[in-house]
Amino acid sequence: MNPIIVRRRVANGIALCLSTIATVFGLFWLVWILWTTVVKGAAALKPQLVTQMTPPPGSDGGLLNAFYGSFIMITMAVAIATPVGVLAAIYLAEFARGNRVGTVIRFVNDILLSAPSIVIGLFVYELVVRPLGHFSGYAGAVALALILLPVIVRTSDEALQLVPGPMREAGLALGLPHWKVTRTILMRAATTGIVTGLLLGIARISGETAPLLFTALNNQYWSANPITPMANVPVVIFQYAMSPYDSWHALAWAGAFVVTVFVLILGISARLFFKQESTR
Amino acid sequence: MNDLNTGELGGAVALKASDKPVADAKIQVKNLDFFYGKQRALKDVTVDFDANVITAIIGPSGCGKSTLLRTINRIYSLYPAQFATGEILLDGENILAKSCDVGALRARVGMVFQKATPFVLSIFENVAFALRHYERLPRSEQADRVEKALRQAALWDEVKDKLGQSALALSGGQQQRLCIARTLAVSPEVLLLDEPTSALDPISTAKVEELLSQLQTHYKVIIVTHNLQQAARVAKQVVFMFEGEMIESGSHEQIFVRPREQKTSDYVTGRFG
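Residues numbered from 1 in each chain as written. Chains lettered and ligands numbered in written order. Predicted model: local features only at pLDDT ≥ 70, side-chain atom pairs only at ≥ 80, totals over all residues. Heavy atoms only, no water.

Chemist: Is there a simple way to think about the interface of chain A and chain B in this case?
Modeler: You'll often see interface size given as the accessible area lost when the parts meet. Chain A puts 20 residues into the contact, and the matching count from chain B is 24 residues. Note on chain A versus chain B: buried area summed over both sides is about 2,100 Å², and carbon and sulfur give 71% of it. A per-residue breakdown of the area chain A buries against chain B is headed by Glu169, Ala173 and Leu174 of chain A, which together make up 31% of the total. Across the contact surface, chain A and chain B share one salt bridge. A salt bridge links Glu169 of chain A to Arg70 of chain B, with the shortest nitrogen-to-oxygen separation between them at 2.8 Å. (Contact = heavy atoms within 4.5 Å. Buried area = accessible area lost by both parts, 1.4 Å probe. Salt bridge = Lys/Arg side-chain N within 4 Å of Asp/Glu carboxyl O.)

As structure tokens, this is what we get:
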């Protein structure tokens, strides 16, 4: 056989082999992590998980206060970050097209997007916790909102920019003002992208631990008032996993399992939503 | 309106647009220059668009025909780097003036684009949306107006049973006629069409062309096309552009049969383009 063809086949085989090994190597750890979480977490799943508070060492309990605290803080973070983020994205995509201010804001937003979350935690500690004099659920929500905000700005900005130019022109060509074209026509066309970004953003903040350590801290007891320190799943997982008690370890695994499944569900819904909308 | 160059397809003397009295022109373009940043896309264009006839703007790709069209409703002002100098008079009023209200201008000068751009709304809402911006109408009257616009665009019979459905489900030709209906619903005086049929199949194209000839009695229609047969079929007035300049404007038999300029002759006989 022609030696050039032989060489090409060998090179092809080696390349294929190497890339397969790389994929398997990456997947191996991912599957191991998920597998451990599922096995240890599922074993620790009990009805008390959602009916009882975090227990003192040695007694039985659940994570109700942590789930509730996380839910409240994430909800508040979404309520703060979504309107601000979407409006900022509208400004960037529609009213700062191609100008310098827009470029600068996008750059700063990208920096915020990749800022270490512990820095954001410390920032909110200075901004909210110190003036108030104590840790609080509000501070936790602000920290999460600051992490969510750049994600929303980025994805909504991109979603709006993906709306075909002629659709923007067609709206304006009817004599409608730019804000009305944006609100009714462009936002509708960009909804899929914006919602997808929001879901992925929520997935991102639901596992954040560092910013909550400095802001919401934790709470062993039931606390429905966000002005007080609030329990939350990531910090409970952190503290319980570091403890010497087996019952706390089990709760930490259960918490980790629930967060993982929640993030997975968000990811899948984002995909389904995107798929359904874009094939409509 | 006494059009000097209508009804003379038999070959009477065709008059150049510029020879005619001012009153006959709906739109007068005077010494228009257009810039995409530093690039000059229109060079000292002066041309009159006769009232109530279809005008076709023809010319090779990149000659500035779409650019000329886009200045007439100032849609270019969406882009900060684009600007025009000179004058465009719509019924004698300069629309390039700073004082001109572009919203009001675009309500008078509607535009349909090459690619159909249905909004992500129902068929009904696509038409009613802009209408509601201008007029507060009771529901029933709104429905009447939507029906009228869809009938004018020859789309009513195809969509009357599914007005509530998404406009995105329509075929390409239907979407384009929906865009025309949407524009007609706000009762413009001028209708600008930028290669409206270039993405359509022959049957849809025929429907749109038939529609245009019906519309010319009520609207001033200006169509950009690179299809010479189309220009010959639908237009009474033809404007030939080349490399950003207006080369020749006249009745279609002037342009296609007895062009005055060598370049026009070369283009319409297919020597370049």
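Now that the structure is up, let's keep going.
Chemist: Can you help me understand the packing of helix 5 (residues 137-162) of chain A against helix 7 (residues 178-205) of chain A in this one?
Modeler: Helix-helix packing is described using two parameters, namely the angle between the two axes and the distance between the axes. Residue and element names in this part refer to chain A. Following both chains from N to C, one finds helix 5 and helix 7 inclined at 150°, their axes separated by 8 Å at the closest point. When the axis of helix 5 is compared with that of helix 7, the two are roughly antiparallel. Along this stretch, helix 5 crosses helix 7, giving a crossing that reads as right-handed. Contact with helix 5, carried on its side by Leu144, Ile147, Leu148, Val151, Ile152, Thr155, Ser156, Ala159 and Leu160, involves Leu186, Met187, Ala190, Gly193, Ile194, Gly197, Leu198, Gly201, Ile202, Arg204 and Ile205 of helix 7 and no other residues of that element. (Axes fitted to C-alpha atoms, helices over the stretch in contact; angles between N-to-C directions. Helix = DSSP H or I, 4+ residues; strand = E, 2+ residues; numbered from the N terminus. Parallel < 35°, antiparallel > 145°, perpendicular 65-115°, else oblique. Left-handed = near helix turned anticlockwise from the far one by under 90°.)

Chemist: Is there a simple way to think about the packing of aromatic side chains in this case?
Modeler: In this description, an aromatic ring pair is defined by two values, namely the gap between the centres and the angle between the planes. Counted by the stated rule, this structure contains 14 aromatic pairs over all chains. Taking the centre distance of 4.7 Å and the plane angle of 40° together, the rings of Tyr68 of chain A and Trp222 of chain A count as tilted. Note that Tyr68 of chain A is positioned in helix 2 (residues 64-95) and Trp222 of chain A in the loop between helix 8 (210-213) and helix 9 (233-241), a separation of 154 residues in sequence. Here Tyr68 of chain A falls in the partly exposed class, since its relative accessible area comes to 26%. With 5.0 Å between their ring centres and 85° between their planes, Phe34 of chain B and Tyr76 of chain B make a pair best called edge-to-face. Of the two residues, Phe34 of chain B is situated in strand 1 (residues 25-36) and Tyr76 of chain B in the loop between helix 1 (65-72) and strand 4 (82-90); the sequence distance between them amounts to 42 residues. The pair Phe34 of chain B / Tyr76 of chain B is uniform in exposure class, with both members buried. A network of ring pairs unites the aromatic residues Phe25, Phe28, Trp29 and Trp32 of chain A as a single cluster. In this arrangement the basic side chain of Arg182 of chain B is found over the ring face of Phe119 of chain B, its NZ or CZ atom lying 3.9 Å from the centre. (Phe/Tyr/Trp six-rings, centres within 6.5 Å; stacked < 30°, edge-to-face > 60°. Buried < 20%, exposed > 50% of the residue type's maximum accessible area, 1.4 Å probe, protein only. Lys NZ or Arg CZ within 6 Å of the ring centre and 35° of its normal.)

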